[in-house]
Each structure stands twice: as C-alpha cells, then as structure tokens.
Amino acid sequence: MDGSSGHGGRDGGRTGDMLLRNYKLGKRLGFGASATVKLAEHVLTGLKVAIKIINKHEIRKIKDMEEKVRREMKIAKLLVHPHIVRLYEVIETSTDIFLVLEYAESGELFDYIVYKNRLNENEARSLFQQIISGVEYCHRNMVVHRDLKPENLLLDSKYHVKIADFGFSNILRDGRFLKTSCGSPSYAAPEILFGKLYAGPEVDVWSCGVILYALLCGKLPFDEGNISDFYRKIKHGIYNLPMSLPPGARDLIRRILVVDPTRRMTIPQIRQHPWFKAHLPCYLTVPPLEANQLAKKIDEQILQVVINMGFDRNQLIQSLFNRVHNEATVAYYLLLDYQYRGSSGYLKAEFQASMESGINQMHQSEPIPRYMNYQGIGQIPQLPQERKWSLGLQFQANPREIMTDVLKALQELRVGWKRIGHYNMKCRWIPGIYGHNSHHLEDDDSNIMESDDAAMKASNVVKFEVQLYKTREEKNLLDLQRVQGPQFLFLDLCAAILAQLRVL
Ligand code: ADE
C-alpha cells in the first residue's frame, strides 16, 4: 500500500469499494431529512467512527443544500480542536457522500440535560468552558457556526463536549456582513431573527448564552410557546433569571444575552469573567496549535504503527505535511486522537498545549502501549487500553510538599515568582540578571514580578506558569507552561528544574 490513494474522487465504484473495505457499518445513530448517521468500525485500527451518509438525490431536492453540505465538508476539514468533532475523511460515490467523523459516544448534550434535569454549577461551567474554547477556535479560523444548540453539541465517552454539525456555518471575510437567517429560533440571536446584518461571532456568543442558561436551569430562556410573544421577548431580551442561579453565572448570562450585538460580551471578555475563569483547566488557558502547525508535529510511535500496517513512510509523512486525507493519514489521525483522548479525556489538548510550551518531549520515551506493538497488514489491533501515563510530572507526595520542593528549586535557580493561587504561580527567569528570591510558601504574594527596569527590558526574559493539579486518578501533576520568551531557554530552564527536583 502506498497510502496515497486519493479519496473524494467521483469514481463511484472505486470510492464505494473503499468505504466497504475500510469501514464496517453498524447501527444507526441518527437521521434527518437528507442524512443518516451510522456507527462504524475503522477496519485497520478497530476504532469507532460515526459516518454521516448524505444522499445526493435528496439534497438536490432542497434549495442550496448541496452547497451547504460541501461548505460543511470544507469547513469541518479545516478544524482540529479537542472540542470539535473531527472530520477524518470524505468518501463520495455517484449516489452518496460519506463523512467519516469522530464518534461521540455519549450522544447529545440535549439528552444529557434532560436526563439530569439541570447541571450543577461546576459541571455546567466545565462544559461551558469547553464550548467557548471550541467556538473561539472556530472564530479564530474565520468560521461562525450559526447553529449552536445542545442538539449539535455531542459528548464523548468522558462527557467532554464535541461541537458538531457545521451545516449552517459560514466563513467570515473581512468587512463583509452576513444576513442569512439560520439556526433554531430558541438559540438564534435577535439580529438573525429580525433579518439584520451581522458580523458573525456575536451570534454564536448569544447562542452560547442560551446554552449556558439551559445547562444551569434545565429550560430555555426564550421558549416557543406563543409565537408572537416568543419573538417579542427575544426582541426586547425579556427572560427570567432564577435567583437560585450562582451569582457569577447570573452576571455572565446577563452580559451575554444583550440584544444590542455591539454591547454583547465578546469571547475575550467572557474569558476574563471571574465565573468563567474559575477551575479553568490548564489546557484551555492557551490556544491550541493551528491545524497546519499541528500537521508538522508527527508522532513517531503512531507513525510506526501505521507503517507497520503496510504504508510507505515517506509518502505518509508527505501526506501528513500536506494535510492530505487518505487511508494512511486517516489511520494515523484516528490512532492519534484515540491516544490523546486516552487517560484523562482532555489530554489531546493538554498535549498540544505542552507541545507549544515544549515540555512534552519528556514523554516521548514512555512505554509503547500494547496495541502499538502489533505487526502486519490487515490484522486488527487489540483495542488499546487506557493509557497509564499523563503529560506533566506526576508526584506521589502531598501538594504542599511538592510546592515546597518546587519553590526551593525555583529559588535555587534564581527564578522570580508570584503566587496566583495555592498551586499556581506566574514565574519569570532572566538568565544571569536576576535573583533576589526570599520566598517561601507562607508568603501570599510576591514583589518579584514588579521588578526593575533592567530586567523588564531584557530580551531573553522567560515567563512561564507553574500549576499543580489533581488528575482524575488523584495524582498530583505538575505542569510548566511557557508564556513568553525564547523556547530554548525555557527548555533549558525546565531541564534545570527537573534536575533540582531530582527527576532527571
Ligand atoms: N450523531 C451525529 N453525529 C455523531 C457523532 N459524530 N457521534 C455520535 N453520534 C452522532
């Protein structure tokens, strides 16, 4: 196999065969007017995917639908984010289009809210943080979703959000305003419902506000009872905010559900809101790598597994670099996603974040999981077990002892710090210049960050954050994230910290 067989061509027979050869179709997961979604197994890896089957004849009956589907395909292929359903490949025959999607096994957020009635503050916040990070990523890539609602938010096996269904989405162009009315009225911003022009991102923000309300209250702020009343209430932003809601969440909803889009909170402002910031997981504090940067970071272990399946190494690397979707790259991405979904759900993103900050190299020598050792073509690997490793440094000691050791190491290395939480510090290191750390754990704050001019002007200053947090397995994980400064200096510093902590 050469891994270069192109998909998405119009040769019905060949691509149809490809589908049958590469996927075993299973039960139906859902269906709509022009599409059915089925569970399937990717034969080479044994991993599950969802396949959206769109009948070309049916979509041609609906005005502009074919264009919408093609737009969805184009948009979804661009987006690679831990909270967005991944599109692995598109297979087209003369009668159908098959979208091979990441499988979100826990179904729709809508059903989850109904099942739970309403979510508690922490769970609602955590889901909201994931939604906002996915939506923010779309906007950064000039994509507005325009149909955000709990039915389009899926949940994976760890109940993490996966934004789906980009059927109504659009690509933003500078200076252009959109007018199309789309989405479900209950979640649609007033400017959409009343046919006004809109720039884009603000309509997704409104929908996120409605979703946050639904998560916490188990009902919608604007309900379609009496139609004229419904539209009137949206037009004037009239809804009831229960007093039982946490005050921070009430404040946030009030600032998001603002009828005037120019006064509505933006995503950067939401990110600054104290309620949003509470318990924000580390991986959501930094933007993920862009898809084209990500394509250049190749996981050698997974590459090897795919090569063992019979694909050519050089062609596979080329395809990964060029972001070509073919049999080999699909297998690679499926395994990659599975690996980073592994032990604590959001590790894929944690991985990306630490790729940015450059400390994940420490984990490259981790033992290869069982399923990565198999050889041969056509053999279905045993389904991987949950990975036993995490990114960051894991410690058995109690958090206070760990922090004491970390602070001693920082002091030794003449790193300045400012504590911003019990287990979270902002740090700064200026090689050769600085170092009057007289700090110990009892100090609440540091003056070390408000420092002298010489230090501030230094070009090689390295700023980073230290965060200790608990994993789901009740272990303490130390994470160092570069905020600013030369990457290589940061790596040097990480190595020195590890040496001080006697990890190296
Ligand atoms: N229904 C629609 N898309 C799905 C997906 N990606 N995973 C699970 N169920 C779905």
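Right, let's walk through the structure included here. (Residues numbered from 1 in each chain as written. Predicted model: local features only at pLDDT ≥ 70, side-chain atom pairs only at ≥ 80, totals over all residues. Heavy atoms only, no water.)

### Overview of the overall build of the protein
Stage number 1. Along the protein, the regular secondary structure elements total 19 helices and 14 strands.
Stage number 2. Relative to its 504 residues, the protein shows a buried fraction of 53%.
Stage number 3. Considering only residue pairs separated by 6 or more positions, the protein has 64% of its internal contacts joining residues 24 or more positions apart.
Stage number 4. On the protein, roughly 23100 Å² of surface is accessible, and the fraction owed to carbon and sulfur atoms is 51%. (Helix = DSSP H or I, 4+ residues; strand = E, 2+ residues; numbered from the N terminus. Buried < 20%, exposed > 50% of the residue type's maximum accessible area, 1.4 Å probe, protein only. Contact = heavy atoms within 4.5 Å. Areas by Shrake-Rupley, 256 points an atom, 1.4 Å probe, with all protein chains shown as cover.)

### Concerning the site of the ligand
Stage number 1. Within the structure, the ligand sits among Leu29, Val37, Ala50, Glu102, Tyr103, Ala104 and Leu154.
Stage number 2. One of the backbone N or O atoms of Glu102 is found 2.8 Å from a nitrogen atom in the ligand.
Stage number 3. Protein coverage of the free-state accessible area of the ligand, which is 260 Å², stands at 82%.
Stage number 4. The residue inventory of the shell around the ligand, partitioned by class, reads six nonpolar, no polar and one charged. (Near = heavy atom within 4 Å. Polar contact = N/O pair within 3.5 Å; in protein donor to acceptor, adjacent residues only side chain to side chain. Nonpolar A, V, L, I, M, F, W, Y, C, P; charged D, E, K, R; others polar.)

### Notes on the pattern of salt bridges
Stage number 1. Applying the stated criterion across every chain yields a total of 20 salt bridges.
Stage number 2. The salt bridge involving Glu41 is made with Lys24; its shortest N-O contact spans 3.8 Å. Here Glu41, found in strand S2 (residues 35-42), pairs with Lys24, found in strand S1 (residues 23-31); they are 17 residues apart in sequence, far enough to count as distant.
Stage number 3. You can call Glu41 partly exposed: its relative accessible area is 25%.
Stage number 4. Taking the shortest distance from any N to any O, the salt bridge between Lys61 and Glu58 comes out at 3.2 Å. Remark: Glu58 and Lys61 occur in helix H2 (residues 56-61); sequence separation between them is three residues, near one turn of the helix.
Stage number 5. Overall, the relative accessible area of 29% leaves Glu58 in the partly exposed class.
Stage number 6. Residues participating in the shared-partner salt-bridge network are Lys56, Arg60, Glu66, Arg70 and Glu92. (Salt bridge = Lys/Arg side-chain N within 4 Å of Asp/Glu carboxyl O.)

### Here's the deal with the packing of helix H13 (residues 300-308) against helix H14 (residues 313-321)
Stage number 1. Packing of H13 against H14 leaves a shortest axis separation of 10 Å and a crossing angle of 125°. Our classification of the angle between H13 and H14 gives oblique. For the pair H13 and H14, the sense of crossing is right-handed. Residue-level inspection shows Glu300, Leu303, Gln304, Val306 and Ile307 of H13 in contact with H14, the latter providing Arg313, Leu316, Ile317 and Leu320. (Axes fitted to C-alpha atoms, helices over the stretch in contact; angles between N-to-C directions. Parallel < 35°, antiparallel > 145°, perpendicular 65-115°, else oblique. Left-handed = near helix turned anticlockwise from the far one by under 90°.)

### Quick word on helix H8 (residues 227-236)
Stage number 1. Taking the backbone nitrogen of Ser228 as reference, a side-chain oxygen 3.0 Å away marks Asn226 as the first, capping residue of H8.
Stage number 2. Positive backbone phi, at 65°, marks Gly237, one or two positions downstream of H8.

### Overview of the nonpolar core
Stage number 1. Counting 61 residues, the largest nonpolar core has Leu109, Phe128, Leu215, Leu252, Ile253 and Ile270 as its most contacted members.
Stage number 2. No other element matches helix H7 (residues 201-217), which puts 11 residues into this core. (Core = buried A, V, L, I, M, F, W, Y, C linked by side-chain atoms within 4.5 Å.)

### A word on the packing of aromatic side chains
Stage number 1. Following the criterion strictly, the structure yields nine aromatic pairs and no others.
Stage number 2. With centroids separated by 6.0 Å and ring planes inclined at 80°, the aromatic side chains of Phe128 and Phe276 adopt a geometry described as edge-to-face. Taken together, the positions of Phe128 in helix H5 (residues 121-140) and Phe276 in helix H11 (residues 274-277) put the pair 148 residues apart, joining distant regions of the chain. Exposure class is identical for Phe128 and Phe276. Each is buried.
Stage number 3. With 5.6 Å between their ring centres and 70° between their planes, Phe222 and Tyr239 make a pair best called edge-to-face. Placement of the pair is Phe222 in the loop between H7 and H8 and Tyr239 in the loop between H8 and helix H9 (247-256), with a sequence separation of 17 residues. Here Phe222 matches Tyr239 in class, with each residue buried.
Stage number 4. Each residue in the set Trp206, Tyr213, Phe222 and Tyr239 is aromatic and connected to the rest through ring pairs, giving one cluster.
Stage number 5. Directly above the aromatic system of Tyr333 lies the positively charged group of Arg86, at a separation of 4.5 Å from the ring centroid.
Stage number 6. Over the ring of Trp275 we find Arg125, and its NZ or CZ is 4.9 Å from the ring centre. (Phe/Tyr/Trp six-rings, centres within 6.5 Å; stacked < 30°, edge-to-face > 60°. Lys NZ or Arg CZ within 6 Å of the ring centre and 35° of its normal.)

### Thoughts on the environment of Tyr23
Stage number 1. Relative to the elements of secondary structure, Tyr23 occurs in strand S1.
Stage number 2. In this structure Tyr23 touches Ala40, Glu41, His42, Val43, Val49, Ile51, Glu89, Ile91, Val100 and Val330, once residues within four positions along its chain are discounted.
Stage number 3. Engagement of the side chain of Tyr23 in a polar contact is seen with the side chain of Glu89, the distance being 2.4 Å.

### As for the sheet that holds strand S4 (residues 87-92)
Sheet strands pair by backbone hydrogen bonding; their relative direction is either parallel or antiparallel.
Stage number 1. Spatially, S1-S2-S3-S5-S4 is the arrangement adopted by the five strands of the open sheet, whose pairing is antiparallel. Single-partner strands in this sheet number two, and they are S1 and S4. The sheet shows a mean angle of 25° between the axes of neighbouring strands, direction not considered.
Stage number 2. Across the sheet, helix H3 (residues 65-78) lies against strand S3 (47-55), S4 and strand S5 (96-102), angled at about 145° from S4, the strand it touches most.
Stage number 3. Packing of helix H15 (residues 327-341) onto the sheet brings it into contact with S1, S2, S3, S4 and S5, and relative to S4 it is tilted by some 150°. (Pairing = 2+ DSSP bridges.)

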